[in-house]
Amino acid sequence: MDIRNLDIYNLPKWFSDIIEEVDILCEEALRNSVSYSKITEERYRILDKHGFISRLTDDGVVDEPMELTAGETKALSRFFALEYDKARAESIQMYLLGCGHVFKLLRTLEEI
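Fair warning: this is a prediction, and the values are worked out from it, not measured in the lab. (Residues numbered from 1 in each chain as written. Predicted model: local features only at pLDDT ≥ 70, side-chain atom pairs only at ≥ 80, totals over all residues. Heavy atoms only, no water.)

A. Highlighting the pattern of salt bridges. Overall, the coordinates contain four salt bridges when judged by the stated rule. For Glu-83, the salt bridge is made with Arg-43, and the minimal N-O distance between the two is 2.2 Å. Placement of the pair is Glu-83 in helix α4 (residues 70-111) and Arg-43 in helix α2 (residues 34-49), with a sequence separation of 40 residues. For Glu-83, a relative accessible area of 26% corresponds to the partly exposed category. (Salt bridge = Lys/Arg side-chain N within 4 Å of Asp/Glu carboxyl O. Helix = DSSP H or I, 4+ residues; strand = E, 2+ residues; numbered from the N terminus. Buried < 20%, exposed > 50% of the residue type's maximum accessible area, 1.4 Å probe, protein only.)

B. Fine view of the layout of surface pockets. Reported here for the largest pocket is a volume of approximately 200 Å³. Taken together, the elements giving at least two residues each to the lining of the largest pocket come down to α1 (13-31), α2 and α4. Broken down by element, the lining of the largest pocket gets its largest block of residues, five residues, from α1. Considering only residue class, the lining of the largest pocket consists of four nonpolar, three polar and four charged. (1 Å grid on protein atoms, 1.4 Å probe; cavity = no way out; pocket = protein on both sides within 12 Å on 5 of 7 lines; lining within 4 Å. Points joined across faces, edges and corners; volume = space filled by probe spheres on them. Nonpolar A, V, L, I, M, F, W, Y, C, P; charged D, E, K, R; others polar.)

C. Inspection of the side chain of Arg-43 at higher detail. Arg-43 gets classed as buried once you look at its relative accessible area, which sits at 14%. Once you skip the residues sitting within four places of it in the chain, Arg-43 turns out to touch Phe-79, Leu-82, Glu-83 and Lys-86. (Contact = heavy atoms within 4.5 Å.)

D. Highlighting a nonpolar patch on the surface. Taken together, Val-102, Phe-103, Leu-105, Leu-106, Leu-109 and Ile-112 make up a surface patch of nonpolar side chains, about 640 Å² in accessible area. Position of Leu-106 relative to the elements: it lies in helix α4. In this structure Leu-106 comes out as partly exposed when scored by relative accessible area, which is 44%. (Patch = residues over 30% accessible without salt bridge, like charges linked within 9 Å, V, L, I, M, F, W, Y side chains within 5 Å. Areas by Shrake-Rupley, 256 points an atom, 1.4 Å probe, with all protein chains shown as cover.)

Written out as structure tokens, the structure is:
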């Protein structure tokens, strides 16, 4: 398998299973992160207080123009900043898990 030609939307079953396991490990690691918990808690507070954000992000369908107050615009901006921070934390955690797997593999190869 050539990694350059890998279609992430059509993975072989065995590779998809590995990705799912790594996702679970990533979620478990992030559950113990205080900063990640703060991000997700604030994100949920904003979603609870400003229902229009859920409508925008859940289905992404806006049938008519929306007029937002300054407070709503500020909440939407903060929500997107939190989404960025959340995605960044998840990417970093995934990278760190990958590094750990590489180190384990290298140690195993040294023993052969």
